[in-house]
Structures are given as C-alpha cells and as structure tokens.
Amino acid sequence: MSDTPEMGDLLDAEDPGFQEVLSCVFGIQRHESRTYLTLLDHPGSTVAELADVLDRDRSNINRSLTTLMEKGLAERERRLLDSGGYIYQYTATELPEAKAMLHDALEEWVERVHSSIDDYGGESAS
C-alpha cells in the first residue's frame, strides 16, 4: 500500500478510518492527513510547534502544510512579533467544513463513475 491510499484501498477496507478516507479522497499522503488532524487539535500552531508534536523535520511539515492549504484544508496567518519580525500560524479547516468537502468530492466522483458506466456501449477498448 502506498503512502497515498487509493480508492481500491478504501473499497477493500472493512471499516476505513477517517484519516484513510481523508488521504484517499483528497489525494494526499498519510503524513499530510496526520498533519491536518494534529492541526485540528493545535490551532494557531507554527511550523516549529507542529514539527515538535509530530516529531518530523520542519521542511517536511512545511511541505505538508503547503499541500493542505492547496487542498483547502488549512489556512495560514501572519502574526507580528513584539520583538519585530513575524511568524506564520496555521489553522485547520474546521472539521464540519472538511467533512462537507469530503462528501462533495465523493458525490462528484460517484457521478463520474455512474456516467462512465452508463456511457459504456460495449465497444472494445483501444
């Protein structure tokens, strides 16, 4: 099984977990879904804080956060420091919104699959 679960992985699983579904539907790696779930529990975290909690390198956390933001699962906010400069703080998309996004993505996929089935006319594949 790859680090990014595929639909077959979900279909074969008797009771797929939320993290598995999240990874599969959004096409993200397991460590990225783990970062999302951790961010839910630690809103407003910095890269360094997430790296400590997840016991991962900061560069890996940065890449995970970039992917999560691209997928609409996280947001970044710049906070000015009293001592000068700034840091970025990250917050996960609220769970109800993420669940709605999952449902929408699955419904779109199911519609495409049904169309593929309905449109198939029996001609041989090339």
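Residues numbered from 1 in each chain as written. Predicted model: local features only at pLDDT ≥ 70, side-chain atom pairs only at ≥ 80, totals over all residues. Heavy atoms only, no water.

K.L.:
What is the right way to read the pairing of strand β2 (residues 86-92) from this model?
P.N.:
Every regular strand shows the same layout, with side chains that alternate between the two sheet faces. When strand β1 (residues 74-80) meets β2, the two strands line up antiparallel, connected through seven bridges. When the bridges of β2 are listed, E77 appears paired with Q89. Following β1, the chain reverses through five residues before pairing antiparallel with β2; G84 in that reversal takes a positive phi of roughly 105 degrees. (Pairing = 2+ DSSP bridges. Helix = DSSP H or I, 4+ residues; strand = E, 2+ residues; numbered from the N terminus.)

K.L.:
How should I be thinking about helix α3 (residues 30-41) in this particular structure?
P.N.:
One turn of an α-helix holds 3.6 residues; hence residues three or four places apart share an orientation. Between the first and last C-alpha of α3 there are 17 Å, a value that for twelve residues agrees with the 16 Å anticipated at 1.5 Å per step. Every buried residue of α3 is accounted for by R30, E32, S33, T35, Y36, T38 and L39. At its buried positions, α3 is contacted by α2 (18-26), α4 (47-54), α5 (58-70), β1, β2 and α6 (95-119). (Expected span 1.5 Å × (residues − 1). Buried < 20%, exposed > 50% of the residue type's maximum accessible area, 1.4 Å probe, protein only. Contact = heavy atoms within 4.5 Å.)

K.L.:
Just checking my understanding: could you explain a negative patch on the surface for this structure?
P.N.:
A cluster of acidic side chains, namely E75, E77, E94 and E97, defines a negative patch on the protein surface. Relative to the helices and strands, E94 is located in the loop between β2 and α6. (Patch = residues over 30% accessible without salt bridge, like charges linked within 9 Å, V, L, I, M, F, W, Y side chains within 5 Å. Areas by Shrake-Rupley, 256 points an atom, 1.4 Å probe, with all protein chains shown as cover. Salt bridge = Lys/Arg side-chain N within 4 Å of Asp/Glu carboxyl O. Lys, Arg positive; Asp, Glu negative; His and termini not counted. Charge placed at Lys NZ, Arg CZ, Asp CG, Glu CD.)

K.L.:
Before we go on, may I ask you to explain the packing of α2 against α6 in this structure?
P.N.:
Two numbers describe a pair of packed helices, the interaxial angle and the distance between the axes. Direction vectors running N to C along α2 and α6 enclose 55 degrees, while the axes themselves pass 10 Å from each other. By the angle between their directions, the pair α2 and α6 is classed as oblique. Here α2 runs over α6; the crossing is left-handed. Contact residues: α2 offers F18, V21, L22, V25 and F26, while α6 offers L95, A98, K99, M101, L102, A105 and L106. Of the residues in the contact of α2 with α6, the class split is eleven nonpolar, no polar and one charged. (Axes fitted to C-alpha atoms, helices over the stretch in contact; angles between N-to-C directions. Parallel < 35°, antiparallel > 145°, perpendicular 65-115°, else oblique. Left-handed = near helix turned anticlockwise from the far one by under 90°. Nonpolar A, V, L, I, M, F, W, Y, C, P; charged D, E, K, R; others polar.)

K.L.:
For this particular structure, what's the right way to read α5?
P.N.:
Over its 13 residues, α5 extends 18 Å from the first C-alpha to the last, a length consistent with the 18 Å expected when each residue adds 1.5 Å. Every buried residue of α5 is accounted for by I61, S64, L65, T67 and L68. All buried residues of α5 lie within an arc of 160 degrees about the axis, which places them on one face of the element. The outward face of α5, more than 90 degrees from its buried face, is lined by the exposed residues R63 and E70. Packing partners of the buried residues in α5 comprise α3, α4, β1 and β2. (Arc of directions from axis to C-beta.)

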